[in-house]
Amino acid sequence: TPVLFSGMQPSGDSLHLGNYLGALVNWVALQERYDAYYCVVDLHAITVAQDPAALRESARRTAAQYIAAGIDPERSTLFVQSHVPAHAELAWVLSTITGFGEASRMTQFKDKSAKQGTDATTVGLFTYPVLMAADILLYDTALVPVGDDQRQHLELTRDLAGRFNSRFGETFRVPEAYIPEVTARIYDLQDPTSKMSKSAASDAGLVNLLDEPKRTAKKIRSAVTDTEREIRFDRAAKPGISNLLDIHSAVSGKSIADLEAEYAGRGYGDLKVELAELVVERVEPIRARTLELMADPAELDRLLAVGADKADAVARETLAKVYDAVGFIRRR
Ligand code: ATP
Ligand code: MG
């Protein structure tokens, strides 16, 4: 069975609808056909300012949300990145074949660092994509399901794999990205030209999986739209309405064209109220299940330890090959 790898950062209080529709829904479907590794990428989460107690809570909560959304820890390998030392070790080796200019071209780094300012921006944030390449390449990964914001990082991963192979001999499989078309990018409800993001400045535009249903409904009803009246998909002229239609389509399974027909002659209010109901209905069971799982941290930790043992065994082997290939002598 081909291997699939993906992960999310334990940052913020909850995963959001972008994480869910853009990635997690696919993870659940794909675990049937792939040998899937789903990682809570805590090493990535410390590349920006963070609070240790909040990080600890968030790591378990992220794992709980994976399971609540449908990841089966018996079938898939569910683990925490910092439990497997080979991630940081391989990242170091890959950083030595990554060009400084190449890394400087990563748009996510440029966006995040521009928001933070250079003094708050860390070298860790800069090398984040190299660590991400290591995450993926350790497991002989064939497929990486991610949102559209990760497209460039995936390209870098493929370049690094190919470069390492041609310099040091065939070592890594070159992975493919799997980016769903419709839900690849869910936008912030208050700022529908920016992607919905855990690290957004304000929470008002984020639909969090763990929000109270009332709060979720209110956020959707307060989404920023435009001054026209017509409900039609037009990303450039009507980013707010287009985003709501995308979300509706992802949750209801109806096509955008069908939705435009269904809402012809009706107001924005109707769309928002009905969408709010649909989203709450979808997200509420995930919230409830997450809270149940969080009530038993010992059981969660047990599941994560099983995943870590399995991942560690595979990752160690890859790292040993890499160390051989670059010319490190074996410890005896
Ligand atoms: P941060 O702002 O801290 O980077 P994030 O919201 O981008 O957080 P990540 O943990 O970086 O979340 O990403 C987890 C997964 O969710 C990735 O596959 C990413 O592509 C996907 N994703 C994140 N935001 C969106 C979005 N707005 N729409 C679709 N997919 C998304
Ligand atoms: Mg991100």
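Going by the annotation in an unreviewed UniProt entry, the name recorded for the protein chain is Tryptophan--tRNA ligase, with Agromyces rhizosphaerae given as the source organism. What UniProt records for the protein chain under Sequence similarities (unreviewed entry) is the sentence "Belongs to the class-I aminoacyl-tRNA synthetase family." According to its UniProt record, the protein chain has this under Catalytic activity (unreviewed entry): "tRNA(Trp) + L-tryptophan + ATP = L-tryptophyl-tRNA(Trp) + AMP + diphosphate + H(+)".

### A look at the overall build of the protein chain
In terms of helices and strands, the protein chain carries 13 helices and 5 strands. For the protein chain, whose C-alpha radius of gyration is 21 Å, the value lies close to the compact-globule estimate of 20 Å for 332 residues. On the principal axes, the C-alpha backbone points of the protein chain span a range of 75 × 45 × 40 Å. Evaluated residue by residue, the protein chain yields a buried proportion of 49% over its 332 residues. Counting only contacts in the protein chain whose residues sit at least 6 apart along the sequence, the fraction spanning at least 24 positions is 76%. Within the structure as shown, the protein chain displays about 15,600 Å² of accessible surface, and the carbon and sulfur contribution to it stands at 51%. Positive and negative side-chain charges of the protein chain, numbering 39 and 47 respectively, have mean locations separated by a distance of 2 Å.

### Some points on the environment of G327
The residue G327 is located in the segment after helix 13 (297-326) in this model. Considered as a pair, G327 and A53 are 274 residues apart in the sequence and their alpha carbons are 40 Å apart.

### Brief notes about the packing of helix 4 (residues 86-95) against helix 7 (residues 123-137)
Running from N to C, helix 4 and helix 7 point in directions that differ by 120°, and their axes come no closer than 8 Å. In terms of orientation, helix 4 lies oblique with respect to helix 7. Pair helix 4 / helix 7 crosses with right-handed handedness. Residues H87, A88, L90, A91, L94 and S95 of helix 4 form the contact with helix 7, whose own contacting residues are V130, L131, A133, A134, D135 and L137. Class assignment of the residues belonging to the contact of helix 4 with helix 7 gives a composition of 9 nonpolar, 2 polar and 1 charged.

### Remarks on the site of ligand 1
Around ligand 1 sit 23 residues in total, of which K112, D149, K195, S197 and S199 are the nearest. For ligand 1, an oxygen atom lies 2.7 Å from a polar atom in the backbone of G147. Here ligand 1 loses 97% of its free accessible area of 600 Å² to cover by the protein chains. Those elements giving two or more residues to the shell around ligand 1 turn out to be strand 1 (3-8) and helix 1 (17-30). Its residues assigned to classes, the shell around ligand 1 shows 6 nonpolar, 12 polar and 5 charged.

### Some words on the sheet that holds strand 1
In spatial order, the strands read 3-2-1-4-5; together these 5 strands make up an open sheet with parallel pairing. Looking at the sheet topology across the chains shown, the edges are occupied by strand 3 (77-80) and strand 5 (176-178). Strand after strand, the sheet turns through a mean of 25° between neighbouring axes, direction not considered. Bridge count for strand 4 (residues 141-145) against strand 5 is 3 bridges, and the pairing is parallel. Across the sheet, residue P145 finds its bridge partner in strand 5, namely Y178. Across the face of the sheet, helix 3 (residues 52-69) comes into contact with strand 1, strand 2 (35-40) and strand 3 while running at roughly 150° to strand 2.

### Examining the pattern of salt bridges
For the coordinates displayed, the defined rule picks out 29 salt bridges. A salt bridge links K238 to D226; the shortest N-O distance between them is 3.2 Å. Residue K238 is located in the loop between helix 9 (213-221) and helix 10 (239-252), and its partner D226 is located in the loop between helix 9 and helix 10; the two are separated by 12 residues in the primary sequence. As a salt-bridge pair, R266 and E274 come within 2.6 Å of each other at their nearest N and O atoms. E274 gets classed as partly exposed once you look at its relative accessible area, which sits at 30%. If you follow the salt bridges from partner to partner, you end up with D226, E228, E230, R232, D234 and K238 in one network.

### Observations regarding the pairing of strand 2
Successive side chains on a regular strand alternate, one facing one side of the sheet and the next facing the other. Counting buried positions along strand 2 yields 5 of 6 residues, so the element is predominantly enclosed. One ladder, built from 6 bridges, connects strand 1 with strand 2; its direction is parallel. Each bridged residue has a counterpart across the sheet, and for V3 the counterpart in strand 2 is D35. Read from strand 1 through helix 1 to strand 2, the crossover connection turns out right-handed. In the sheet, strand 2 pairs with strand 3 via 4 bridges, with the strands oriented parallel. Bridge pairing in strand 3 places C39 opposite F79.

### A closer look at unusual backbone geometry
Positive phi is not limited to glycine here, since D140 has a value of about 60°. Inspection of the secondary structure assignment puts D140 in the loop between helix 7 and strand 4. By relative accessible area, D140 is classed as partly exposed at 40%.

Calculation notes
- Just so you know, the residues in each chain are numbered from 1, in the order the chain's sequence is written.
- Chains and ligands are labelled sequentially in the order written, the chains with letters from A and the ligands with numbers from 1.
- Reporting in this predicted model follows two pLDDT cut-offs: at least 70 for local features of residues, and 80 or more for side-chain atom pairs to be given and counted; totals over whole chains, interfaces and linings ignore these cut-offs and use all residues.
- Values shown for side chains rest on all heavy atoms present in the structure; no hydrogens or waters enter the calculation.
- UniProt positions are given in the numbering used here, feature names are shortened, and annotations may be inferred rather than shown by experiment.
- Every helix listed is a DSSP run of H or I at least four residues long, and every strand listed is a run of E at least two residues long, numbered separately from the N terminus.
- In this treatment the radius of gyration is a C-alpha quantity, and the globule benchmark scales as 2.2 Å times the residue count to the 0.38 power.
- Residue burial is assigned from relative accessible area. The probe radius is 1.4 Å, only protein chains are included, and a residue is buried under 20% of its type maximum, exposed over 50%, and partly exposed in between.
- Residues are treated as being in contact if the distance between any of their heavy atoms lies within 4.5 Å.
- Surface accessibility follows the Shrake-Rupley procedure with a 1.4 Å probe radius. Residue values consider only the protein chains on display as shielding.
- Within this scheme the basic residues Lys and Arg register as positive and the acidic residues Asp and Glu register as negative, but His and the chain ends are omitted.
- Each charge is placed at NZ for Lys, CZ for Arg, CG for Asp and CD for Glu.
- Only the contacting stretch of a helix is used when fitting its axis, a line to C-alpha atoms as for every element, and angles between N-to-C directions run 0 to 180 degrees.
- When an angle is under 35 degrees it counts as roughly parallel; over 145 it counts as roughly antiparallel; between 65 and 115 it counts as roughly perpendicular; any other value is oblique.
- Each crossing is labelled by how the near helix is turned from the far one, with a counterclockwise turn of less than a right angle marking it left-handed and a clockwise turn marking it right-handed.
- The residue classification treats Ala, Val, Leu, Ile, Met, Phe, Trp, Tyr, Cys and Pro as nonpolar and Asp, Glu, Lys and Arg as charged. All others, Gly included, are polar.
- Whether a residue is near a molecule or strand depends on its heavy atoms: if one lies within 4 Å, it is near.
- Pairs of N or O atoms within 3.5 Å make up the polar contacts considered here, provided that, within protein, one atom can donate a hydrogen while the other can accept it, and that residues adjacent in sequence are counted only when both atoms are side-chain atoms.
- Note on pairing: two strands pair once DSSP finds at least 2 bridges between them.
- The salt bridge definition used is simple: a Lys or Arg side-chain nitrogen within 4 Å of an Asp or Glu carboxyl oxygen.
- When the strands point away from the viewer, a crossover counts as right-handed if the path from the first strand over the helix to the second runs clockwise.

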